[in-house]
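This is what each chain is made of:
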Amino acid sequence: MTSRRLALSAFGLLAGLLPAAEALAAPPKVEDRQVAGLAAPAEIRVDPWGVPHIYARSARDAFFVQGYNAARDRLWQIDLWRKRGLGLLARDFGPDFVKQDRAARLFLYRGDMKAEWAAYGQGARSHTEAFVAGINAYVLEIRSGKRTLPREFRIAGTTPDIWAPEDVVRVRSHGLTRNAGMEATRARILCAGGPGADRLFKKLEPDWTTKVPDGLDPCAIPETVLDDYNLATRGVKFDTARRRLAAEAPAPESQGSNNWTIAPSRTTTGRPILANDPHREHGLPSLRYVAHLEAPGLSVIGAGEPALPGVSIGHNATIAFGLTIFYADQEDLYVYEISPDDPDLYRYRGGWTRMETVRETIEVRGGPAREVDLRFTRHGPVIHTESGSQRAFALRSVWAEPGASAYFGSLGYMTARSWPAFKAALANWGTPSENQVYADVEGRIGWVAAGRVPSRPNWDGLLPVPGDGRYEWKGFLSQAELPSKLNPPEGFIATANAMNLPPGYPVAERKVGFEWSNPSRLLRINEVLGSGRPLSLADSMALQTDPTDITSRRLIRLLTPLSSTDPLTSSALDLLRGWDGSAQADSAAAAIYLIWTGKHLGPAVVGRAAPPQVRDLIGGGDLAAVMDLLETPGEALGPDPEAARRTLLLESLGAAAREARDRMGPDPSTWAWGRLHQAAFTHVLAPLATGADREGLSVGPEPMAGTSLSPLAASWRADDFRVTSGASFRMVLDVGAWDESRFINTPGQSGDVDSPHARDLFQTWVKGGYAPLLYSRKAVEAATETLIRLTPGG
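Every value quoted in this text rests on a predicted model; they were computed, and no experiment measured them.

1. Section: the packing of helix H17 (residues 551-559) against helix H21 (residues 623-631)
- Contact pair H17 / H21: the axes reach a minimum separation of 11 Å and the direction vectors enclose 30°. The angle between H17 and H21 places the two elements in the roughly parallel class. With respect to the hand of their crossing, H17 and H21 are arranged in left-handed fashion. Here Thr551, Arg554, Leu555 and Leu558 of H17 lie close against H21, whose contacting residues are Met627, Asp628, Leu630 and Glu631.
- Among the residues making up the contact of H17 with H21, the classes are represented as four nonpolar, one polar and three charged.

And the structure:
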């Protein structure tokens, strides 16, 4: 057995990831490249799973090579990210993009760049300059003919741009701040139905009753108030009919993550374990990219977003770190009275204040450039105007603050060597607000709730507020005012976007947020980690891919005493009574349960318990709120709530059973969740490609286990049950024995559709497999598949 194969552990073999022995015995493929802008020789060692291990003689060159490699492997993706974020789509794709470009430009950082760079600490600017120089070096190689233009650009008929360092941090529209959409919809619900009409819209945690802010007319919030906001922040897809990018809303419960860290006293190895699997919309290529940087004073490996320098989830030689969204409320919708004589004047503190107007030019492919006006109040960009009612609306967000570029602050903590240094690096973290978990080689584990959280002295952030000066942020909560934890007695810390403010937290004083994710994933994770038995790396991998939907226990308890004379409903009841809640791909019970809870139960309850005029606004409601109502039925269900509950449960389950029959046939024994719930990844350009160009632009479908509420997060769209989001990247770290760590990134590491690493991890991912995350130089050299030797020149 060769040394290269010895470097790869049994976990990789079990996952079906090891190449053939003869391939491992072969020497790596070697490429020599002269690169303009590189200061000294460097290497990129690509392992069998597409991970680039970068070795450089200075930190500057390491970040330069990281940028060069990001362009080598993900150029179309990062080029589109930049153009969308900066509002440059129309220049490439024509006049249909002008509105989207204008919307994106409303949300760019427009403050002082000196303050912006300073907010991230030492090295942020220089590291970014080096990273961007590396991207540009590769782009210039394409322009000179030294490298081939990737196929994606040829399909789209575009070319990659040259970057400026500021481009990386000025784009804010991918920051996942919240909760403007909830504010606007809640106002419209209260307008239509009055106090309490929002009961089923979203369960508020900790327990809280909102009130309409003085001076706000909830009926003043139009349905279209967030059109610009949504256009600027949503993902994009090509629409073949009009050859344009069309906005797509993320699926419910799709933006989340799981993470945990386990103390050495609770593990089989006597070392800490840290696990993280962020959940986002799936795509080809994957949102995240795994990279390894080695240079004097710099040694870090993990996942980040490919357009950013550094990594945000991973480890260095001493500490490990991972993140999930901490559902702090980081934005507010402001409503203004505008002057009937001048639409640029808005009322503020008893007088009129003029909006700032910025005129910009949007270049348009195939047509004349467009001049657009962007307007701003003291609170932020004006996103909607109602001229007939003399109202304007602006969004205030922490996005606009220096140091709030999404995930960019990870440059500070990824080189920390201790808990105090890690925590200090997060003191000024901006966006997104995160649960940052920690472990180190000394055995410590910890958690920090990090993010710029506005202090709202006289309102709770759940509804829009007048912009007349009565509702102003009073700075931000300090790190000391946000929760954290070090070495808890239970021996583990887990987060999964659920409400995790500690008991006794002064909620009324520090209104962090009230709209958290459903707690089901966290409850299941805590159940497994708190079992009392020693936990292994394999246990954490199994938990990340655990399809148990713990909500089923509560709902099946309600179904257990029921019976039905309808044969199909009776069969569904029998299936569910014997089900353990594990949404395996071959499970018939999972199929009926998820059709029921995903499409029928909520609308049935809302249709009975919510005022008729708000039902369309609430839709299927919030499952947590629906479950609470069903468990404690009251007057909302009518004079006989027990009978109404029984009818709701049986009728909605019957409707789900009929849908299952129509989709999968009359015999419930042949039903299976995986017949409906399937994973498939399609490149954004697939609709535009023809003939041979379509090759490699999709992968799948494959049956998939899990639900939006199981640790194995797999959200789906209602029309065809196609999996739309979840954990494309997973990581489990053996802290201190770093080469034993595992990861997966689907459909592959590369964004180059012609690369062998573009889709090679999909089958392993869908089956719950992992690959080694190699860190030591010896292990990396033994596993190197491709060696790219870089020297200055070009």
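2. Focus on the nonpolar core
- One finds Trp76, Phe422 and Val512 to be the most contacted residues of the largest nonpolar core, which totals 167 residues.
- Element by element, the count of residues in this core is highest for helix H4 (residues 59-86), at 13 residues.
- Those residues in contact with Trp76 that lie beyond four places of it in its chain are Phe93, Glu152, Phe153, Ala156, Thr158, Phe238, His683, Val684 and Leu685.
- Counting 53 residues, the second largest nonpolar core, distinct from the first, contains Leu576, Ala591, Trp671 and Leu676.

3. As for the sheet that holds strand E17 (residues 382-386)
- An order of E17-E18-E12-E21 is seen for the four strands of this open sheet, with the pairing classed as mixed. In the strand order of this sheet, the two ends are held by E17 and strand E21 (465-466), each with one partner.
- Where strand E12 (residues 331-337) lies against strand E18 (residues 391-397), seven bridges are found, and the strand directions are antiparallel. Along E18, the bridge assignment pairs Glu337 with Arg391.
- Packing against the sheet, helix H11 (residues 180-193) makes contact with E12 and E18, and its axis sits at approximately 50° to E12.

4. Digging into empty space enclosed by the protein
- Taken as a whole and judged by the stated rule, the model has four cavities of 30 Å³ or more.
- The calculated volume of the largest cavity comes to roughly 70 Å³.
- What lines the largest cavity is Gln66, Ala70, Phe131, Tyr289, Ala291, Gly302, Gly304, Glu305, Pro306, Leu308, Gly310 and Val311.
- At the level of secondary structure, the elements contributing two or more residues to the lining of the largest cavity comprise H4, strand E8 (289-295) and strand E9 (298-304).
- Partitioned by chemical class, the residues of the lining of the largest cavity number seven nonpolar, four polar and one charged.
- For the second largest cavity, the calculated volume is near 50 Å³.
- Together, Leu176, Gly256, Ser257, Pro278, His279, Arg280, Arg288, Leu323, Thr324, Ile325, Tyr407 and Glu434 line the second largest cavity.
- Elements with a contribution of two residues or more to the lining of the second largest cavity: strand E6 (256-262), strand E7 (273-281) and strand E11 (319-325).
- Considered class by class, the residues forming the lining of the second largest cavity number five nonpolar, four polar and three charged.

Rules behind the numbers
- Starting from 1, residues in each chain are numbered consecutively following that chain's sequence as written.
- Only residues with pLDDT of 70 or above have their local features reported here, since the model is predicted, and side-chain atom pairs are shown and tallied only from 80 upward, although totals for entire chains, interfaces and linings are computed over all residues.
- Side-chain descriptors were evaluated using all non-hydrogen atoms of the structure, hydrogens and water having been removed beforehand.
- The axes used here are C-alpha line fits, helices contributing only the stretch in contact, and every angle between their N-to-C directions lies in the interval 0 to 180 degrees.
- Numbering of helices and strands starts at the N terminus; helices are DSSP runs of H or I of at least 4 residues and strands are runs of E of at least 2.
- Any angle between 65 and 115 degrees counts as roughly perpendicular, while under 35 counts as roughly parallel, over 145 as roughly antiparallel, and the rest as oblique.
- Here a crossing is taken to be left-handed if its near helix is turned anticlockwise relative to the far helix by less than a right angle, and right-handed if that turn runs clockwise.
- Two residues form a contact once any of their heavy atoms are found within 4.5 Å.
- Any residue outside Ala, Val, Leu, Ile, Met, Phe, Trp, Tyr, Cys, Pro, Asp, Glu, Lys and Arg is labelled polar, Gly included; the first ten of those are nonpolar and the last four are charged.
- Nonpolar cores are built from buried Ala, Val, Leu, Ile, Met, Phe, Trp, Tyr and Cys residues. Side-chain atoms within 4.5 Å join them into one set.
- Partly exposed residues are those whose accessible area sits between 20% and 50% of the maximum for their type, while under 20% is buried and over 50% is exposed, using a 1.4 Å probe and protein chains only.
- Here, any two strands with at least 2 DSSP bridges between them count as paired.
- The rule is simple: put a 1 Å grid over the protein atoms alone, call a set of points where a 1.4 Å probe fits but cannot get out a cavity, call an open set with protein on both sides within 12 Å along at least five of seven lines a pocket, and count a residue as lining if it has an atom within 4 Å of a point.
- Grid points are joined across faces, edges and corners, and a volume is the space filled by probe spheres set on the points.

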